[in-house]
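Understanding the architecture of this molecule
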Amino acid sequence: MIVNKDGTAQVDSTICKLGWDKPIIKYIDNRAAIQTPNGKWKDAETGKIIEEKVDNPDEDNKPSDPSCNISDEEMDIDSESCEGLPYFGKKLEYIFGNATGNKHNIDRSIAMERQLNSIGIFDDATGRKLVLDNLSDAFDNPSSILKTQENGRIVRESLLSGPNGVLKIESVWDREKLITVKLYGGK
C-alpha cells in the first residue's frame, strides 16, 4: 500500500480515503510545533506547550485547555485532553546526527544523518519538516502498523521521499511516545 500525503492510500490500483488527519505543523522560532486539538502549540521535539501565538488565518482561535500547559515530567501520557498527539522527545536530534552519549549512539546517529543526506534531506527546517511530517503521518495512519511487540509497543513503517531517493522508516511507539527509529536504504 502507498500512503499519500493528502490522506489517501493506493492499494493495488484503487485509491481510497483513509479518514485520518495529521496534526497541523508550523515553525515557531525555527522549531517545529504541532497544534493540539484545543488550539495550543506544542514543541514537536520537547513536547512542551509554546505560549507564543502563531498567525494562522485558516484556523479559528480555539480555547486553550490549561491541563495541557504542564511540564513533561508532570504530564500523564494518557491525559485525555492531550491524548493522541505524537511525542517525539529528542529523537529528531538523534535522527539528524546530533546524538550525545556513548560511541554506539553517536555512530548510529551519524549513520542515520548520512542516510538522510544521501536522499537529499538535510538538518534544516525543510528536512526536519519532511521527517516530522512522515513520522506524524505514520503515527496517525492505522495502516502503517507493521506489528505489535510483546511489550505492547507498536512498530510502524513508512516511506520517506527526498529529492534524491527514498528510505524506509520503521518507528517504534509506546502509545504517543516515539521510542526509536530505524532507517533502511539510502546510498
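The rules we used
Residues numbered from 1 in each chain as written. Predicted model: local features only at pLDDT ≥ 70, side-chain atom pairs only at ≥ 80, totals over all residues. Heavy atoms only, no water. Pairing = 2+ DSSP bridges. Helix = DSSP H or I, 4+ residues; strand = E, 2+ residues; numbered from the N terminus. Axes fitted to C-alpha atoms, helices over the stretch in contact; angles between N-to-C directions. Core = buried A, V, L, I, M, F, W, Y, C linked by side-chain atoms within 4.5 Å. Buried < 20%, exposed > 50% of the residue type's maximum accessible area, 1.4 Å probe, protein only. Contact = heavy atoms within 4.5 Å. Phe/Tyr/Trp six-rings, centres within 6.5 Å; stacked < 30°, edge-to-face > 60°. Salt bridge = Lys/Arg side-chain N within 4 Å of Asp/Glu carboxyl O.

Take the sheet that holds strand β8 (residues 145-148) next. Across the sheet, 4 strands lie side by side as β8-β9-β10-β11; this open sheet has antiparallel pairing. Each of the sheet's edge strands pairs with one partner strand only, and the pair in question is β8 and β11 (177-185). Neighbouring strand axes in the sheet, compared pairwise and without regard to direction, differ in orientation by 25° on average. In the sheet, β8 pairs with strand β9 (residues 154-162) via 3 bridges, with the strands oriented antiparallel. Each bridged residue has a counterpart across the sheet, and for Thr-148 the counterpart in β9 is Ile-154.

Looking now at the nonpolar core. Ranked by internal contacts, the top residues of the largest apolar core, which has 23 residues, are Ile-95, Leu-116, Val-131, Leu-135 and Val-181. Of all the elements in the fold, those that place two or more residues in this core are β5 (31-35), α1 (91-95), α2 (103-118), α3 (125-140), β10 (165-174) and β11. With 4 residues, the single largest contributor to this core is α3. In contact with Leu-135, not counting residues within four places along its chain, are Phe-88, Ile-95, Ile-169, Ser-171, Trp-173, Leu-178 and Val-181.

It is worth spelling out the environment of Phe-122 at this point. In this fold, Phe-122 is placed in the loop between α2 and α3. Overall, the relative accessible area of 43% leaves Phe-122 in the partly exposed class. For Phe-122 and Phe-96, which are 26 residues apart along the polypeptide, the C-alpha to C-alpha distance reads 7.6 Å.

This part is about the packing of aromatic side chains. The full count for this structure, using the stated rule, is 2 aromatic pairs. The interplanar angle of 70° and the centroid separation of 6.0 Å between the aromatic rings of Phe-88 and Trp-173 together place this pair among those described as edge-to-face. Here Trp-173 lies in strand β10 and Phe-88 lies in the loop between β7 (49-50) and α1, a separation of 85 residues in the sequence. Trp-173 matches Phe-88 in its accessibility class, with the two residues each being buried.

Tracing the backbone shows Ile-106 in helix α2. Ile-106 gets classed as partly exposed once you look at its relative accessible area, which sits at 28%. Excluding its chain neighbours within four sequence positions, the residues that come into contact with Ile-106 are Ala-99, Thr-100 and Gly-101.

As enumerated under the stated definition, the model contains 7 salt bridges in all. As a salt-bridge pair, Arg-128 and Glu-93 come within 2.9 Å of each other at their nearest N and O atoms. Of this pair, Arg-128 sits in helix α3 while Glu-93 sits in helix α1; the two residues are 35 residues apart in sequence, bridging distant segments of the chain. On the accessibility criterion, Arg-128 (14% relative accessible area) is buried. Salt-bridge contacts for Asp-133 lead to Lys-129; the nearest nitrogen and oxygen are separated by 2.8 Å. Of this pair, Asp-133 and Lys-129 both sit in helix α3, 4 residues apart, which is roughly one turn of that helix. Its relative accessible area of 6% is what places Asp-133 among the buried residues. One salt-bridge network, held together by shared partners, links Glu-93, Asp-123 and Arg-128.

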